[in-house]
Amino acid sequence: MDLNFTDAEEAFRAEARAWLEANVPHGLPSGDTREGFDLHVEWEKKLFDARWSVVSWPEEYGGRGATLWEWLIFEEEYYRAGAPQRVTQNGIFLLAPTIFEFGTDAQKSRFLPAMAAADDLWCQGWSEPDAGSDLAGIKSRAVRDDAAGGWRISGQKTWTTRGAFCNWLFGLFRTDPEAERHKGMTYLMVPLDADGVTVRGVGRLDGDEGFAEVFFDDVFVADDLVLGEVDQGWGVAMATTSSERGLTLRSPGRFCAAADRLVDLWKRRSALAASGDPAAVAAGDPALREDVAQSWIDAEAYRLATLADVTGIVEGRPQGARSSLTKIFWSELDVRLHETALALLGPSAELVDDSPSAVDGGAWMKGYQFSLSGPIYAGTNEIQRNVVAERVLGLPRK
Ligand SMILES: Cc1cc2nc3c(=O)[nH]c(=O)nc-3n(C[C@H](O)[C@H](O)[C@H](O)COP(=O)(O)OP(=O)(O)OC[C@H]3O[C@@H](n4cnc5c(N)ncnc54)[C@H](O)[C@@H]3O)c2cc1C
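Parameters at a glance
- Residues numbered from 1 in each chain as written.
- Predicted model: local features only at pLDDT ≥ 70, side-chain atom pairs only at ≥ 80, totals over all residues.
- Heavy atoms only, no water.
- Helix = DSSP H or I, 4+ residues; strand = E, 2+ residues; numbered from the N terminus.
- Expected span 1.5 Å × (residues − 1).
- Buried < 20%, exposed > 50% of the residue type's maximum accessible area, 1.4 Å probe, protein only.
- Contact = heavy atoms within 4.5 Å.
- Arc of directions from axis to C-beta.
- Pairing = 2+ DSSP bridges.
- Salt bridge = Lys/Arg side-chain N within 4 Å of Asp/Glu carboxyl O.

**Q** How do you make sense of helix α8 (residues 286-314) when you look at a structure like this?
**A** Residues lying three or four places apart along an α-helix face the same way, a consequence of the helix completing one turn every 3.6 residues. Over its 29 residues, α8 runs 42 Å from end to end, which matches the ideal 42 Å to within 8%, given 1.5 Å per residue. Taken from the residues just after α8, Gly-316 is the one with a positive phi, measuring 90°.

Below you can see the structure in the form of structure tokens.
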């Protein structure tokens, strides 16, 4: 593995950095609120217009045909510039790789450009009230309608991130109730404005309204909205969930930028402590200084592990179950990093949002609250540990 970037890659970095520095919006409200979501979509459209929205995609779909390395460089620069989380991420990072792998040419032309342009906004429909970790236990069903040339779906999905703001949902539906648990499911793409769809927002603990429950009452979905083969949806879904756990959704740029901000926070708090400010006294604690260093080291370790993964992918070795390993690592790193930030801030960590004394606008507490969900979403870490035990370490099932 060569850790040096080429001159062309460094030129790509410089171009991305210059554009991002000139254009990144700062201080947007949370993308998990109605108002914030719309502003984030405006940003997404600006990215698309400048062809930075999906850099690694072919030009015909709105990309630059960039390599995986250049994509990683762009991600580093994106988060380094303090740019907001991508509200298009379910589409561009999760569904799109699955469409590239399993979609027909017609599906690629229909969905990829609209996704890149943030015209189609996608949410994920896996979880159901009795099927979270046990995804094979889904009950929402799709019944064949030969006359109409499609499927009629009924059931309920839950914990659908930003479902209340999106116009499309992808997910699994049971198409053969007689089949074994992991079979007889089909991957469908569903327009949320179709007759029979009801979307109900669900408030989150942090006050944002980002979740939704989605109900389907005899909703018609045409055959051209089936991704992959009928009844073979499990394999298609595994491609999507692997993207969520691994490379595409959690590129290291995000954690490296957070670790850099943590180091900067520590420096600022140390300077305050040195000037005798009692509010910053925690920054003088040597154990906390070590925690700051450890977070930075962990983020760098994740970056290096990702570079090794990309080397493997480029050389034709798929990530496979390694994405479960990285998922555990990034989610636990994110929690520790934010816990360290809160410890540095001491009592002032609780000042958030509109408090004029909130440090960094209260972003650390907000980030901490969200980090707590990392070990749960994208498949809980307990489940990922089972996967690592069985498929990476080859241990027997218990
Ligand atoms: C922020 C956030 C965003 C989300 N976004 C989406 C979304 O957009 N779309 C979507 O479909 N879902 C989404 N989810 C739901 C998420 O995928 C589920 O919460 C997750 O898969 C766990 O399912 P569950 O909540 O039903 O918990 P359960 O499956 O009931 O699990 C409860 C506990 O039991 C443990 N457990 C269960 N089975 C086993 C086992 N076999 N071995 C060991 N431990 C086990 C789990 O690890 C967990 O700790 C989101 C969740 C969060 C927190």
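Structure's up, so let's keep going.
**Q** What should I look at first to understand the environment of Trp-168 in this one?
**A** Summarising the element assignment, Trp-168 is placed in strand β4 (residues 168-174). On the accessibility criterion, Trp-168 (9% relative accessible area) is buried. Counting along the chain gives 124 residues from Trp-168 to Glu-44, while the straight-line C-alpha distance between them is 17 Å. Every residue in contact with Trp-168, bar those within four places of it in the chain, is listed here: Arg-110, Phe-111, Asp-120, Leu-121, Trp-122, Cys-123, Met-189, Val-190, Pro-191, Leu-192 and Leu-225.

**Q** Hey, could you run me through helix α11 (residues 381-392) in this one?
**A** Of the positions making up α11, those classed as buried are Asn-381, Gln-384, Val-387 and Val-388. Along the long axis of α11, the arc covered by the buried residues comes to 105°, so they all point the same way. Buried-residue contacts for α11 involve α6 (233-245) and α9 (322-345). Looking one or two places after α11, you find Gly-394, whose phi comes out positive at around 70°.

**Q** Which parts of the structure should I look at to understand the pairing of strand β5 (residues 185-191)?
**A** Residues in a regular strand point their side chains to alternate faces of the sheet. Most of β5 is tucked away, with seven of its seven residues classed as buried. By the alternation rule, side chains of β5 split into Met-185, Tyr-187, Met-189 and Pro-191 and Thr-186, Leu-188 and Val-190, which are all buried. In terms of strand pairing, β4 meets β5 through seven bridges, oriented antiparallel. When the sheet's bridge partners are listed, Phe-173 is paired in β5 with Thr-186.

**Q** How do you make sense of the environment of Pro-191 when you look at a structure like this?
**A** Within the secondary structure layout, Pro-191 lies in strand β5. We classify Pro-191 as buried; its relative accessible area is 15%. Residues Pro-191 and Trp-122, 69 residues apart in the sequence, show an inter-C-alpha distance of 9.3 Å. Discounting residues that sit within four places of it in the chain, Pro-191 has contacts with Asn-167, Trp-168, Val-197 and Leu-225.

**Q** Help me understand the pattern of salt bridges, please; the structure alone is not making it clear to me.
**A** Side chains that differ in charge, positive against negative, can pair when their charged atoms come close. Scanning the model with the defined rule gives 32 salt bridges in all. The partner of Asp-119 in a salt bridge is Lys-45, with the nearest N and O atoms 2.5 Å apart. Separated by 74 residues along the polypeptide, Asp-119 in the loop between α5 (105-116) and β1 (122-125) and Lys-45 in helix α2 (residues 34-49) bring together distant segments of the chain. Residue Asp-119 is classed as partly exposed on the basis of its relative accessible area of 46%. A relative accessible area of 30% means that Lys-45 is categorised as partly exposed. In this structure, Asp-208 and Lys-366 form a salt bridge, with 3.0 Å as the shortest nitrogen-oxygen distance. Taken as a pair, Asp-208 in the loop between β6 (197-202) and β7 (211-222) and Lys-366 in helix α10 (residues 363-371) lie far apart in primary sequence, 158 residues in all. Judged by relative accessible area, Asp-208 falls into the buried class, the value being 7%.

Interpretation in functional terms is not warranted from these geometric data alone.
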